[in-house]
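Structural features, examined
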Amino acid sequence: MSERPTAPLIAAKQTVPPIRPGTVVRTRLRAGLHRDDGTRLTVVVAPAGWGKTTLLSQWAHDAAETRGVVWVSLDEADDDPIRFWTYVLTALHRAAPELADGALGALSTPGLDPVDLALPLLLNALVELDRRYVLVLDDYHVLSDPRVHEGVEFLLAYLPPTLHLVLAGRSDPPLPLARLRARRELTEIRAADLGFRPDEAAALLCAVGDAAFDAEAVTALCARTEGWAAGLQLAALTVRGAADPATAATTIRGDDRHVLDYLSTEVLDRLETDHRDLLVRTSVLERLTGPLCDHVLGRDGSAEVLRALERADLFVVPLDARGDWYRCHGLFRDVLRRELTRMDPAEPARVLARAADWFLAREHLVDAVDHRLRAGDEPAAADLLRSSVPWFLERGALSTHLELGQRLSPGTVLADPRLCVALAWAAALDGRHDRMGPWLDAAEDLIDEDTPALEGWRTVRGAAATMRAVELVIWRAEAEPALTASAHAIAQETDPMVAGYVMARTVRGAVLAFSGRHEEAVPFLDEAWERARALGLSPLLALQPASILGVALTETGRVERLRRLLADVAPAVRTAEQQWGTATTPGVATLRTAEARLAGVDGDPGTARTLLLRAVELARTSGEAPALLTALTDLAEAELDRGDPAAARAALAQAREVGEHEPVLTLFVDRLARLERRAGRSAAPPRRHDEVVEDLTDRESAILRALTGDATQREIGASLYLSINTVKGYTKILYRKLGVSTRAEAVERARALGLVGSAGHAGRAAGAARRGPAAGR
């Protein structure tokens, strides 16, 4: 199995911006940034034009002598958890490959949120480092997705001293700053600190304006601009070449409106025609590079124009040392966009559409869709998303596909049956089964005989029926309707040369197996596995039929056929585990369970138990209830067979917790109940400590209080304004600190330690917010 491809990234966004010649050294501020007093987070917060990026780039180049510096320049397209953490982890990987290798693999695994595994792996790697690093996230204010901020808060909560986080933006990040401030774990640099002092202003005026001022004139200018870097730079441009620099500088005031007007009338209107044309027409683009500008403008020579603008200090700054990528200062861009709209209101959309084509030609598909959406061209964005599920699957970016789909208006999505099915397909592959229903409802009402097929499927009806069967069996735990839907899918997907043929038979076989009809399941799964190998499908698609087939073969007594299957699939399984560790595909967990069953048949209970412990670990990470329940109940049976009922009850208690909080088919419920009767129903006693080994964080304490009630994890998340996966991430660490493995044990242990009272007010409050049939999922 080859290394999984990744979505292309813009390297300049992961580069510390170069220090421009003549930049004023802010010694007093850099000294504050160099403090090594145990703070976890530094925030640099001020409106546009106060010199945040310039200060941090100076400091970063200086700090690189003593620590590793990792930089990410953010933009609005990064407002998605997977894309955001892909940029962050890739930047960390470039600085120290051992730091983010495992985390990047986990991030690309469908169905896992960053807090599930990628961030814990990163935190563990940070603890092992000998060198200290600093991570700078510039323009953090452009991010609004709560899940991004939840992930950053999670990272901060457990951040070891080997990494310091720096956030720069125009507004305070939605993080617990007050708590960090009270614990002296926060350094703050704000507009009042960034304002230029007279000596710094004099240096800037001299460097940019090529003129000298007396102390009185500099002090007066500082007072009028309140030390605002953009105002001072504009003053410097004003006095450049003036007969009386001091008098010319008096025309500058310190308010935004005046600066915008001045930029429009005095700076923009005096530019050379080709320079002005480039700046105005590309003002809707976040970042500029010569080839991109050439494409959207339909001309050559843009790279040289960008270099000339940068040399002239005209608010265009390089993003990398080679000068490949640039950005235009936010204030100047406001003026340029206003001018572009005045000239031709339709031009912004045309430029963004051409930029989308440029990114698409380079397989920057996420950027291409983003630019189409920003251009207001929803049909073109929908076309890209409809046909690109396999592309996102191969790159572990299905979550990003879904988030881009969420940016489309409901009218666009729900009127397009193929797009609805494509989004449901992406949701199924990404483990977001709760999202599938509304899309499938809309598609089924619209599909007719003339609806074209999706890429990878013979018919859109077959794709929709396959996805409906998945939604029914996994999300609703309704076997009979799932059997009907999967039969319809088989009837539609008859072309063995497309992936849909494999998926329809995989789902049909799975539904039959999960219904206890293993004998009927085997032919479908066998055929799906053989065709998946012949077509060279991705591990996520290929290992699923093999894994369910392995269990079905054990249930039907086909031991030698199972032995051959495991031998055939072994190289792919080893590669998957080596490449992604515990973040591998759900099929690997079930294959390890089947392998354990074979070891048991061969009379090797020790190997069987080891394999089952591994299967439980893998299944818990992937989060699929059938795989986890099968592994846990097999483990419990193995423990009973070796005479350890206490260990068996511990495994069954975990299985019972899964069964109580996830939709589960009757087959799994019946087996669990049977084993509980054999082991004795009482749960295993929690592991005891005299006290909690580690202090609980505020988030952990809040979740612990909520666990004492009857709220599900989803309801707890809603009451705390956290996603369910973030709640799960904190809960895993909470269980470890308490030395327990189930919710009931955690509550009992917490009460014994006096961490919670006898009743859970937060849990009851969250429980009161139950919303219909989704409760418990």
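Further up the page is the structure itself.
Each chain has its residues counted from 1, running along the sequence as written. pLDDT decides what is reported in this predicted model: residues at 70 or higher carry local features, side-chain atom pairs at 80 or more are listed and counted, and totals for whole chains, interfaces and linings draw on all residues regardless. The basis for every side-chain value is the complete set of heavy atoms in the structure, and neither hydrogens nor water enter the calculation.

Empty space among the atoms becomes apparent when a probe as large as a water molecule is rolled across them. Here a cavity denotes a set of grid points, spaced 1 Å apart and computed over the protein atoms alone, in which a 1.4 Å probe fits but from which it cannot get out, and a pocket denotes an open set meeting protein on both sides within 12 Å along at least five of seven lines; residues with an atom within 4 Å of a point are reported as lining. Grid points are joined across faces, edges and corners, and a volume is the space filled by probe spheres set on the points. Using the criterion set out here, one finds six cavities of 30 Å³ or more in the structure. Along its surface, the largest cavity is lined by 14 residues, and Asp 75, Glu 286, Asp 367, His 371 and Arg 374 are the ones closest to its centre. A run of DSSP states H or I qualifies as a helix once it reaches four residues; a run of E qualifies as a strand once it reaches two. Both are numbered from the N-terminal end. Per-element accounting of the lining of the largest cavity gives the leading share, four residues, to helix 19 (residues 365-374). Polar here means any residue other than Ala, Val, Leu, Ile, Met, Phe, Trp, Tyr, Cys and Pro, which are nonpolar, and Asp, Glu, Lys and Arg, which are charged; Gly is therefore polar. A class-by-class count of the residues in the lining of the largest cavity yields six nonpolar, one polar and seven charged. Approximately 100 Å³ is the volume attributed to the second largest cavity. Lining the second largest cavity are 13 residues, and of these Pro 81, Asp 113, Pro 114, Arg 147 and Thr 726 sit closest to its centre. The set of elements that each furnish at least two residues to the lining of the second largest cavity consists of helix 3 (81-95) and helix 6 (146-157). Grouping the amino acids of the lining of the second largest cavity by side-chain chemistry returns five nonpolar, four polar and four charged.

So, about helix 24 (residues 417-429). Residue pairs spaced three or four apart in an α-helix point in one direction, given the helix's 3.6 residues per turn. Here helix 24 is 13 residues long and its end C-alpha atoms lie 18 Å apart, about the 18 Å a rise of 1.5 Å per residue gives. Most of helix 24 sits out of view: twelve of its 13 residues are buried. Three exposure classes are used, based on accessible area relative to the maximum for each residue type with a 1.4 Å probe and protein chains only: buried under 20%, partly exposed in between, and exposed over 50%. Along helix 24, the residues classified as buried are Pro 417, Leu 419, Cys 420, Val 421, Ala 422, Leu 423, Ala 424, Trp 425, Ala 426, Ala 427, Ala 428 and Leu 429. Phi for Gly 431, located one or two positions after helix 24, is positive at around 75°. An expected span of 1.5 Å times one less than the residue number is assigned to each helix.

Here we come to the sheet that holds strand 6 (residues 288-289). Pairing between the strands of a sheet comes from backbone hydrogen bonds, and it takes one of two forms, parallel or antiparallel. Strand order in the open sheet formed by three strands is 6-8-7, with antiparallel pairing between adjacent strands. Of all strands in the sheet, those bounded by a partner on one side alone are strand 6 and strand 7 (316-318). Two strands pair when backbone bridges link them, and strand 7 and strand 8 (residues 325-328) are joined in this way by three bridges, in the antiparallel orientation. Among the inter-strand pairings, Val 317 is bridged to a residue of strand 8, identified as Arg 327. Should DSSP find at least two bridges between two strands, the strands are taken to pair.

From the geometry alone we can't say anything about function, so treat these as descriptive.
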